[in-house]
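Fold and contact review
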Amino acid sequence: MNFTLARFVFQFAVSLDTASTRSNCKYLLLTSKKRKFTTAAIPLTHTSSEELLVVVGGGAAGVYGAIRAKTVAPKLNVVIIEKGKPLSKVKISGGGRCNVTNGHCADKMILAGHYPRGHKEFRGSFFSLHGPMDTMSWFSDHGVELKTEDDGRVFPISDSSSSVIDCLLTEAKHRGVVLQTGKVVTTASSDNAGRKFLLKVEKRTMNLVECIEADYLLIASGSSQQGHRLAAQLGHSIVDSVPSLFTFKIADSQLTELSGVSFPKVIAKLKLENVQRSSPYLTQVGPMLVTHWGLSGPVILRLSAWGARYLFSSCYKGMLTVDFVPDLHIEDMQSILSQHKIRFAKQKVLNSCPPEFCLVKRFWKYILGREGLSGDTLWASVSNNSLISIARLLKHCTLEVAGKGQFKDEFVTAGGVPLSEISLNTMESKIHPRLFFAGEVLNVDGVTGGFNFQNAWSGGYIAGTSIGKLSNDATLKNRGF
């Protein structure tokens, strides 16, 4: 079947009761009830053995899954329905460079640990079926040269997300996948036998409604409510969504004046009133950045992901304790400060920070200010108690979290279809046969660094493979094999 939708079109006035054309045509377009109805029919030129997969969502998971399904089952008709621009999130990720995956997590156990929702479930076969190395090989084989940066993030050598987008869309077209944009799948149900999906698709700009009968349905609509509604209509439960990757607003005007100051390594621990017991995931190690509203950087983003639901229920209020010199013990710091005091007794404290601490002058001034020391104070005048206090402050600096900011490169949520309702080795629903899910429509989210895209690639690949195999089996069965 040529699914570029070259249509045999006929127009006539018709009521909804007499517009039953499913026996002759799989597709029905209707305009608003206030007007005469327009019917656009697509002749069933394909044989009865040919099946249709509808993919809801033209993001990473949806496009990757569609390509894989069509690769495994070339005779399967595959249509992606996307309400906006395809691969829009791919375009903006990584500052427009597209953080494809992470190249430092070949071990599936380590890889699974980067998913606040999914870290237990992903220890199984999920990444064994299609992991980061498989993703990198796929893009390399399709002409996208990749590079792995020091922190493990993988980008196209072009440093442009267009390389990834062009690759995916070109391959989809080459395989015969049809992409329809500006449309929304608004309702989903199944026929009496439970083997066909009945979908209503709206194109509001043209005031049209299209009814589609599909053999397979892959919901890969990201974190939008559209996918959640469709899943619920087909019997799935939904975990309410909350933001997952975001920065912290800090109630300290003196700190925010240091916007731009960065730390290559800190230990940050988040304490929330509604979390009674200590969680190892609420302590993170890594780089941190001061912003004009508070704190950002990998360590903060990881805390926001692991603490997403706790932070949501606490109205994004809490206390953050930061160790700014994690590689030194507090006793060693006190000794360094004492020796520095003796050696630089006649120098002003602001102009002479111990080099072992690796602190920029602006932040050193902030620390001195919190201890009530003027920058003009001579080292000789600093008491031993002040030296102890400075060391303690650098090791246990408490900051009040007053709210959340937005992480400009990504918008990730926690929530969606529970993983317990999905078979992760096929991505098929345990509730409804031939219904599949992939990507952020599931209650899965990863920390920053390419992990959310890897979830999309893995889920899309597994779902596409499963659908393709089912379609091939159906074709052989219809042929009597």
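Residues numbered from 1 in each chain as written. Predicted model: local features only at pLDDT ≥ 70, side-chain atom pairs only at ≥ 80, totals over all residues. Heavy atoms only, no water.

1. Re the overall build of the protein chain
Scanning the protein chain from terminus to terminus reveals 14 helices and 24 strands. Among the 481 residues that make up the protein chain, the fraction classed as buried is 53%. At a minimum sequence separation of 6, the contacts of the protein chain that also span at least 24 residues come to 73%. In the structure as shown, the protein chain presents an accessible area of about 21900 Å², 51% of it carried by carbon and sulfur atoms. (Helix = DSSP H or I, 4+ residues; strand = E, 2+ residues; numbered from the N terminus. Buried < 20%, exposed > 50% of the residue type's maximum accessible area, 1.4 Å probe, protein only. Contact = heavy atoms within 4.5 Å. Areas by Shrake-Rupley, 256 points an atom, 1.4 Å probe, with all protein chains shown as cover.)

2. A short note on the pairing of strand β17 (residues 283–290)
The pairing of strand β16 (residues 262–271) with β17 spans six bridges and is antiparallel. By the bridge assignment, Val266 is partnered in β17 with Gly286. The sheet contact formed by β17 and strand β18 (residues 294–296) spans two bridges and is antiparallel. Bridging from a neighbouring strand, Leu289 pairs with Ser296 of β18. Here β17 folds back onto β18 in antiparallel fashion, the turn holding three residues. (Pairing = 2+ DSSP bridges.)

3. A closer look at the sheet that holds strand β20 (residues 397–404)
Here six strands make up a closed barrel; going around it, the order is β15-β18-β17-β16-β19-β20 and the pairing antiparallel. In this sheet, adjacent strand axes meet at a mean angle of 50° when their direction is disregarded. Against the sheet, helix α13 (residues 384–395) engages β19 (318–323) and β20, with an angle of about 115° to β19. (Axes fitted to C-alpha atoms, helices over the stretch in contact; angles between N-to-C directions.)

4. Focus on the packing of aromatic side chains
Per the stated rule, a full pass over the model turns up 22 aromatic pairs. Centre to centre, the rings of Phe246 and Tyr316 are 5.4 Å apart; their planes meet at 85°, and the pair counts as edge-to-face. In this pair, Phe246 sits in the loop between β14 (239–243) and β15 (248–250) while Tyr316 sits in the loop between α10 (308–313) and β19, placing the two residues 70 residues apart along the sequence. Note on accessibility: Phe246 and Tyr316 belong to one class, buried. Look at Phe263 and Phe363: their rings are 4.8 Å apart centre to centre, the planes differ by 75°, and that puts the pair in the edge-to-face class. (Phe/Tyr/Trp six-rings, centres within 6.5 Å; stacked < 30°, edge-to-face > 60°.)

5. Overview of the nonpolar core
Residues Phe139 and Leu394 are the most contacted members of the largest nonpolar core, which totals 134 residues. At nine residues, helix α14 (residues 451–478) tops the list of elements feeding residues into this core. Contacts of Phe139, omitting those with residues within four sequence positions, involve Tyr64, Val100, Val144, Leu146, Val164, Cys167, Leu168 and Trp457. (Core = buried A, V, L, I, M, F, W, Y, C linked by side-chain atoms within 4.5 Å.)

6. Concerning the side chain of Glu210
As for its position among the elements, Glu210 is in strand β12 (residues 208–214). A polar contact is formed between the side chain of Glu210 and the side chain of Lys183, at a distance of 3.0 Å. (Polar contact = N/O pair within 3.5 Å; in protein donor to acceptor, adjacent residues only side chain to side chain.)

7. Side note on the environment of Ser93
Here Ser93 lies in helix α2 (residues 88–96). In the structure, Ser93 is positioned 360 residues away from Phe453 in sequence and 9.5 Å away in space, judged by C-alpha atoms.

8. Quick word on the environment of Ser374
Residue position: Ser374 is located in the loop between α12 (361–370) and α13. It is 8.1 Å that separates the C-alpha atoms of Ser374 and Val349, two residues lying 25 residues apart in sequence.

9. Points about the sheet that holds strand β6 (residues 101–102)
Strands sit in the order β6-β8-β7 across an open sheet of three strands; the sheet is antiparallel. Where the open sheet ends on each side, the last strands, each with one partner, are β6 and β7 (146–148). Taken together, the two bridges between β6 and strand β8 (residues 153–156) define a ladder with antiparallel strand orientation. Bridged to Thr101 within β8 is Val154. Against the sheet, helix α5 (residues 132–141) touches β6, β7 and β8, its axis set at about 145° to β7.

10. Notes on the state of the cysteines
A full pass over the atoms with the stated rule returns zero disulfides. With no disulfide partner, Cys358 has as its closest neighbouring cysteine sulfur the one in Cys353, 8.8 Å distant. Exposure remark for Cys358: the relative accessible area of 66% places this residue in the exposed category. (Disulfide = S-S within 2.5 Å.)

11. Observations regarding the environment of Arg204
Take Arg204: it is sitting in the loop between β11 (197–203) and β12. Residue Arg204 is classed as exposed on the basis of its relative accessible area, which comes to 57%. Through-space distance from the C-alpha of Arg204 to that of Gly182 is 8.1 Å; in sequence the pair is 22 residues apart. Discounting chain neighbours no more than four positions away, the residues touching Arg204 are Val184 and Thr186.

12. Thoughts on the packing of helix α1 (residues 60–72) against α14
Two elements in contact, α1 and α14, have axes whose closest approach is 7 Å; the angle formed by their N-to-C orientations is 30°. Classified by the angle between their axes, α1 and α14 sit roughly parallel to one another. Once α1 is placed against α14, the crossing between them reads as right-handed. Side by side, α1 and α14 meet where Ala60, Ala61, Tyr64, Gly65, Arg68, Ala69 and Val72 of the first sit next to Phe453, Ala456, Trp457, Gly460, Tyr461, Gly464, Thr465, Gly468, Lys469 and Asn472 of the second. Residue composition of the contact of α1 with α14, by class: nine nonpolar, six polar and two charged. (Parallel < 35°, antiparallel > 145°, perpendicular 65-115°, else oblique. Left-handed = near helix turned anticlockwise from the far one by under 90°. Nonpolar A, V, L, I, M, F, W, Y, C, P; charged D, E, K, R; others polar.)

13. Examining the pattern of salt bridges
Under the definition given, this model contains 14 salt bridges. Note that Glu210 and Lys183 form a salt bridge whose closest N and O atoms lie 3.0 Å from each other. With Glu210 in strand β12 and Lys183 in the loop between β9 (178–181) and β10 (184–190), the pair connects residues that are 27 residues apart, well separated along the chain. Glu210 sits in the buried class, given a relative accessible area of 4%. With a relative accessible area of 11%, Lys183 lands in the buried category. Each of Arg97, Lys147, Glu149, Asp151, Arg153 and Asp159 takes part in one network of salt bridges that share partners. (Salt bridge = Lys/Arg side-chain N within 4 Å of Asp/Glu carboxyl O.)

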